[in-house]
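Residue-level structure breakdown
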Amino acid sequence: MTLLLRVVLSSREAWRVQLPEVPASVGQLIDILKERLKLRGDFSLQFEDPEFGNALCNLTAISELPAERAVLHIMWDCDSSPLNQSTASVSSSSVFSQDTVSVHYEDFRPSWTYSFQMNLRHVSEWPSPFPIPKFSYDVELKLCKANVTYEKSKKGLAVTRDIKMEILDKIAAAVFEIKGYPEKDELESVASALVLKYPCLKEPGSITGYEGWKASIKHKLGNYRSKLRRAGCNEVNVNRKRKGGDGEDSPFTLKKPKRGEVNHVPDYPQHHDDSTLEEERVALVNEMKKKQKNMTVIQQKMALTFSLRRREVEECQPMVSEVQERWPALFSSEEISKEFHRITSKDLLGTFNASLDKFVPGLLKLYRSKKGALGEKMEDLLDKLDEQTSDIVSHRKTAALRGLPIFLREDAAKVFLKCLDTDNLEPVLNGASVAILTILQDDDAGTSVLEQVVVLEGEIVLHDIPDLSTALAYLFGLLYALNIDYPKQMRYTFEAIQAIFFELGGSRCSHRIRALKTKLLL
């Protein structure tokens, strides 16, 4: 049986590998990949597990791989930098020549897709430990020799300006390869990994031994972003014009990415500019108007125009109705999920549903423990849950989500809306900026849920959603895709979804959400 693999080496490099037969072991597979792709250094493998929404899992046995085709991720050991491995492989072997690239990809994906993917990051989780890159040969020699001396006498290296600049330059490039604006704790992990690999660089008199390195890395990364900004990198050089008080156009620099965005405003695909991408957008709109839509073409053009769409959303902050007019394909369940993945590298429905399965029992336990203190709304919610006799799993998820704002002391009345299918929708939607509307069917047997719809800026943007959890996931995905702030009356609820359910934004979250996360993980 043959095995088709997509092997992801780093955030900017992936290869198609077809094996005539399935390897007998993981170790044999690693040896084959080293030989085929001319890889040097030690690494382990993770695979995208379809049973968990394509989340990454450590590969411990060949039998764990999906049949016939799979996506593998190279996880470099601490001493092996993804940047150096890909660079070395490109320079050291004809396997990575331009001709070979076209051969490997011609039947795998369109050429424009490959060049576009080269502009996107695919690492949603900060690596631990951080892979310190290889430095120049002379600096590596000095550091290795100083490590030996440090082991014997605990005497550190006298770091010269040249050595420090070499270290900081390489580390800044390696950090930016993963994340343009790392968090405080992420920068600390870089500095910690540096002195762990090279103890001779520890700072005498410092509690951690790396506080100075942490500050230097932060400063150097800022300089590195400035250098890229001057070179025209969109990710750090997106400016927009806003009318000033005197009527003049005044520059307004785009804020840095937040909430775990891996690809904030990526550069345009190779060989494309505003005019060519606008042509692709117009062709995309025309395709959406057809009765028989070519979904393959729509998906390809949505991927190609991602950078243009992000730039429009971030620079112009258009109304939702304007985005619907220019990008109608974005308001389909499939493309909402794909857009969310482009921005965060997270699987929208898979990650959310897996997190629900994990946290629903803990949430309901917390609700019941504080039912008296949380008032009648929580008591009614739990009483109705206890009355259910069918589809218990779905009802438990719904109760956990509806109870979350109650537990966090927030008012969900303007976000979780309800109406009968016979009601006039206009007064219901009036003033609903961000909401999920549950439409109930009123019949002789009582009321039952007919459908869930997503509402933005007073208009329904997504219909026919089967349950609340799916509707909430799509709403969350649209907030990211359209760069819309969380509704103030439920900001902690959406922050909990972001930080706990999707694990976006690192450790930066409010005290209230941090406390909830701690209780759920006990």
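Shown above is the structure to which this text applies.
Here's what I pulled together on the structure shown here. (Residues numbered from 1 in each chain as written. Predicted model: local features only at pLDDT ≥ 70, side-chain atom pairs only at ≥ 80, totals over all residues. Heavy atoms only, no water.)

What about a negative patch on the surface?
- Together, Glu376, Glu379, Asp380, Asp383 and Glu387 make up a region of like negative charge exposed at the surface.
- If you trace the backbone, aspartate 380 turns up in helix α16 (residues 376–387).
- By relative accessible area, which is 41% here, aspartate 380 ends up partly exposed. (Patch = residues over 30% accessible without salt bridge, like charges linked within 9 Å, V, L, I, M, F, W, Y side chains within 5 Å. Areas by Shrake-Rupley, 256 points an atom, 1.4 Å probe, with all protein chains shown as cover. Salt bridge = Lys/Arg side-chain N within 4 Å of Asp/Glu carboxyl O. Lys, Arg positive; Asp, Glu negative; His and termini not counted. Charge placed at Lys NZ, Arg CZ, Asp CG, Glu CD. Helix = DSSP H or I, 4+ residues; strand = E, 2+ residues; numbered from the N terminus. Buried < 20%, exposed > 50% of the residue type's maximum accessible area, 1.4 Å probe, protein only.)

Topic: the pairing of strand β4 (residues 55–58)
- Pairing geometry for strand β3 (residues 43–49) and β4, over 4 bridges, is antiparallel. For glutamate 48, the partnering residue across the bridge sits in β4 and is leucine 56. (Pairing = 2+ DSSP bridges.)

Section: the packing of aromatic side chains
- Taken as a whole, this structure holds 13 aromatic pairs when the rule is applied.
- Relative to phenylalanine 502, the ring of phenylalanine 352 has its centre 5.7 Å away and its plane inclined at 10°; by these criteria the two rings are stacked. Of this pair, phenylalanine 352 sits in helix α14 (residues 348–369) while phenylalanine 502 sits in the loop between α20 (491–501) and α21 (511–521); the two residues are 150 residues apart in sequence, bridging distant segments of the chain. As far as burial versus exposure is concerned, phenylalanine 352 and phenylalanine 502 are alike and both buried.
- Centroid distance phenylalanine 476 to tyrosine 486: 6.2 Å. Interplanar angle 25°. Geometry classified as stacked. On the criterion of sequence distance, the pair formed by phenylalanine 476 in helix α19 (residues 468–481) and tyrosine 486 in the loop between α19 and α20 is long-range, its members being 10 residues apart. Across this residue pair, the class does not change: phenylalanine 476 and tyrosine 486 are buried.
- Taken together, the aromatic side chains of Phe340, Phe352, Phe359, Phe476, Tyr480, Tyr486, Phe494, Phe501 and Phe502 make up a single cluster linked through ring pairs.
- Its end group placed over the ring of phenylalanine 416, arginine 402 keeps NZ or CZ at 5.3 Å from the ring centre. (Phe/Tyr/Trp six-rings, centres within 6.5 Å; stacked < 30°, edge-to-face > 60°. Lys NZ or Arg CZ within 6 Å of the ring centre and 35° of its normal.)

Things to note about the nonpolar core
- The biggest cluster of nonpolar side chains holds 76 residues, and the ones touching the most others in it are Leu456, Phe494 and Leu516.
- The element contributing the most residues to this core is α19, with 11 residues.
- Two domains each put at least three residues into this core: domain 3 (253–344) and domain 4 (348–521).
- By size, the runner-up hydrophobic cluster in this structure holds 31 residues, among which are Trp126, Phe130, Leu143 and Ala146. (Core = buried A, V, L, I, M, F, W, Y, C linked by side-chain atoms within 4.5 Å. Domains from an automatic or database assignment.)

Regarding the state of the cysteines
- Here the structure, examined in full by the defined rule, presents 0 disulfides.
- No disulfide involves cysteine 200; its sulfur sits 8.4 Å from that of cysteine 144, the nearest cysteine.
- For cysteine 200, a relative accessible area of 1% corresponds to the buried category. (Disulfide = S-S within 2.5 Å.)

A word on the environment of alanine 24
- Examined against the element boundaries, alanine 24 turns out to sit in the loop between β2 (13–19) and α1 (26–37).
- When its relative accessible area of 69% is taken as the criterion, alanine 24 is described as exposed.
- Alanine 24 sits 39 residues away from serine 63 along the chain, and the two C-alpha atoms are 9.4 Å apart.

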